[in-house]
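Examination of the molecular architecture
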Amino acid sequence: MKKVMALGLIAVTAIALTGCTDSDASTPSPQTSGDLRKIRVAALPITETAALWGGIKAGIFAERGLQVEVLPAQGGAQAIPALMNGDIDFAIGQPFGPFRADLQNLGVVIIGNYASSYADGDDINAVVASAKSGVTRPADLAGKRVAVNSLGAAGDVTIMAAVEKDGGDPTRIKFVEVAFPDAPAQLAAGNIDAAWVPEPFVTQLKGRGDTFVVAPYQSVVPGLATLTTITTTARMDKDAKLVGDFSAAMKKTLQWAQDPANTPAVRQAIKDNLQLPPPVAESVKLPAFGWDVDRASLQKLAELAQKYRVLDQQPDLDRLIRQQ
């Protein structure tokens, strides 16, 4: 079975540290901007990040004395080098970045969850295939070119499991790394046969006539923790107050985002930061936001990763998860 090699976590810093997507120019708080401590948080430029953008604008982080700069990252693994170098303070991304960092004993820890998929109903990500590919079910992905945003992460692991569950051969899938925003064009050009994408891309691709194939998270780990919040043990030891303030603000932000009364503000954050057409921003499926880490789903994901030889061994979840 094809093994995806671990990324060189220290060699390359793969986020644009000058590319700010938002900052805490938020509603008035008891503190002035001069009193706020500036921090940097890496996050994917996808609809899930709307909770963070919205919480910033609502002044939740300013209440804790924090001015947040959000920097774009393609995936959790790509943010690890910047965390290690101290270029960013926190990151939000898929669990495989911290999984691999733990296996290398780099001192990266998960301090909270961020978003999870849904156990049933419409999920927040899916594999969508071009109509001309002939792919209509998971087993059809065997032998096809399938895009994921990061090789060797939750996308390809759960896709392999879904294909095997449907009677297909997961070893024959040809995974290609394509950033989420580039997937629609690559699919239209015929450079890939299918793409695993989150919202808003699922809605956009289905709307133009591409074929929904499977929601792989629901297929194999219903309710999977999709995005986690990470930092380093060095940061926790050096500045426990910062970690505590940030964690408290994140917990409140995710509770705020999960409240239906704040859905309009969350969707406005999508419009402000992703420049989507208003109908798309209003209709995309939002994830289940929450701060408490679902250890069981992370354990199952790690087990699947080892089964499909994406990971050589299991991360030490007792060491890795440091719920704040």
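The model shown is predicted, which means the values in this text are computed figures rather than measured ones.

1. Quick word on the overall build of the protein chain
When helices and strands are tallied, the protein chain shows 14 helices and twelve strands. By the burial criterion, 56% of the 324 residues in the protein chain qualify as buried. Of all intrachain contacts in the protein chain linking residues separated by at least 6 positions in sequence, the fraction that spans at least 24 positions is 82%. Taken as a whole, the protein chain presents about 12,700 Å² of accessible surface, with 49% of it coming from carbon and sulfur.

2. Notes on the packing of aromatic side chains
A full pass over the atoms with the stated rule returns six aromatic pairs. Between F61 and F246, the aromatic rings sit 6.0 Å apart at their centres with planes inclined by 35°, giving tilted as the arrangement. Here the residue F61 occupies a position in helix α2 (residues 60-63), and F246 occupies one in helix α10 (residues 240-258), the gap between them amounting to 185 residues. With centroids separated by 3.9 Å and ring planes inclined at 10°, the aromatic side chains of F90 and F246 adopt a geometry described as stacked. In this pair, F90 is assigned in strand β4 (residues 90-93) and F246 in helix α10, connecting sequence segments 156 residues apart.

3. Here's the deal with the environment of A58
Looking at where A58 falls in the secondary structure, it is placed in the loop between α1 (50-57) and α2. Since its relative accessible area comes to 32%, A58 is described here as partly exposed.

4. Here's the deal with the confidence of the model for the protein chain
Averaged over the protein chain, the pLDDT score is 88; the fraction of residues at 70 or greater is 88%. Counted against residues more than four places away or in other chains, residues 1-32, with its pLDDT under 50, gives 85 contacts.

5. With respect to helix α5 (residues 154-165)
For α5, spanning twelve residues, the distance from its first C-alpha to its last is 16 Å, which sits close to the expected 16 Å at 1.5 Å a residue. In terms of burial, α5 is largely enclosed, as ten of its twelve residues are buried. Within the sequence span of α5, burial applies to A154, G155, D156, V157, T158, I159, M160, A161, A162 and V163. Two residues or fewer past α5, G167 is found with a positive phi of approximately 90°.

6. A closer look at the pairing of strand β6 (residues 125-129)
Summarising burial for β6: five of the five residues are buried, a large majority. Of the two faces of β6, the one carrying N125, V127 and A129 and the one carrying A126 and V128 are both buried. Judged from the five bridges that link them, β6 and strand β9 (residues 194-198) form a sheet pairing that is antiparallel. Residue pairing in the sheet places N125 in a bridge with P198 of β9. As defined by bridge partners, β6 adjoins strand β10 (residues 211-214) across three bridges and the pair is classed as antiparallel. By the bridge assignment for β10, V128 is matched with F212.

7. Thoughts on the nonpolar core
Ranked by size, the top nonpolar core spans 108 residues in total, and within it L52, F96, Y114 and I159 carry the most contacts. Sort the elements by how many residues they give to this core and α10 lands first, with eight residues. Aside from chain neighbours lying at most four places away, what touches L52 is V41, A43, F61, V70, I92, Y114, M250 and T253.

8. Quick look at helix α13 (residues 295-307)
Spanning 13 residues, α13 covers 18 Å between terminal C-alpha atoms, matching the ideal 18 Å at 1.5 Å per step. Among all positions of α13, only S297, L298, L301, A302, L304 and A305 are buried. Projection of α13 onto a plane perpendicular to its axis shows the buried side chains occupying an angular sector of 160°, all on one side. If you follow the buried residues of α13, they end up packed against α4 (96-103), β5 (108-116), α5, α8 (216-220), β11 (225-232) and α14 (317-320). In the stretch just after α13, R309 is the one whose phi turns positive, near 60°.

9. Observations concerning unusual backbone geometry
Phi angles above zero are rare outside glycine, and N105 is one such case at about 55°. Counting through the fold element by element, N105 comes out in the loop between α4 and β5. With a relative accessible area of 56%, N105 lands in the exposed category. The phi dihedral of R309 falls on the positive side, at around 60°, and the residue is not glycine.

10. Structural notes on the sheet that holds strand β7 (residues 145-148)
Strand order across the open sheet formed by five strands is β8-β7-β9-β6-β10, with mixed pairing between neighbours. The open sheet has two free edges, formed respectively by β8 (174-177) and β10, since each of these has just one partner strand. For this sheet, the mean inter-axis angle between neighbouring strands, taken without regard to orientation, is 35°. Along the sheet, α5 contacts β6, β7, β8, β9 and β10; its crossing angle with β7, the most-contacted strand, is approximately 140°.

Cut-offs used in this document
Residues numbered from 1 in each chain as written. Predicted model: local features only at pLDDT ≥ 70, side-chain atom pairs only at ≥ 80, totals over all residues. Heavy atoms only, no water. Helix = DSSP H or I, 4+ residues; strand = E, 2+ residues; numbered from the N terminus. Buried < 20%, exposed > 50% of the residue type's maximum accessible area, 1.4 Å probe, protein only. Contact = heavy atoms within 4.5 Å. Areas by Shrake-Rupley, 256 points an atom, 1.4 Å probe, with all protein chains shown as cover. Phe/Tyr/Trp six-rings, centres within 6.5 Å; stacked < 30°, edge-to-face > 60°. pLDDT = per-residue confidence, 0-100. Expected span 1.5 Å × (residues − 1). Pairing = 2+ DSSP bridges. Core = buried A, V, L, I, M, F, W, Y, C linked by side-chain atoms within 4.5 Å. Arc of directions from axis to C-beta. Axes fitted to C-alpha atoms, helices over the stretch in contact; angles between N-to-C directions.

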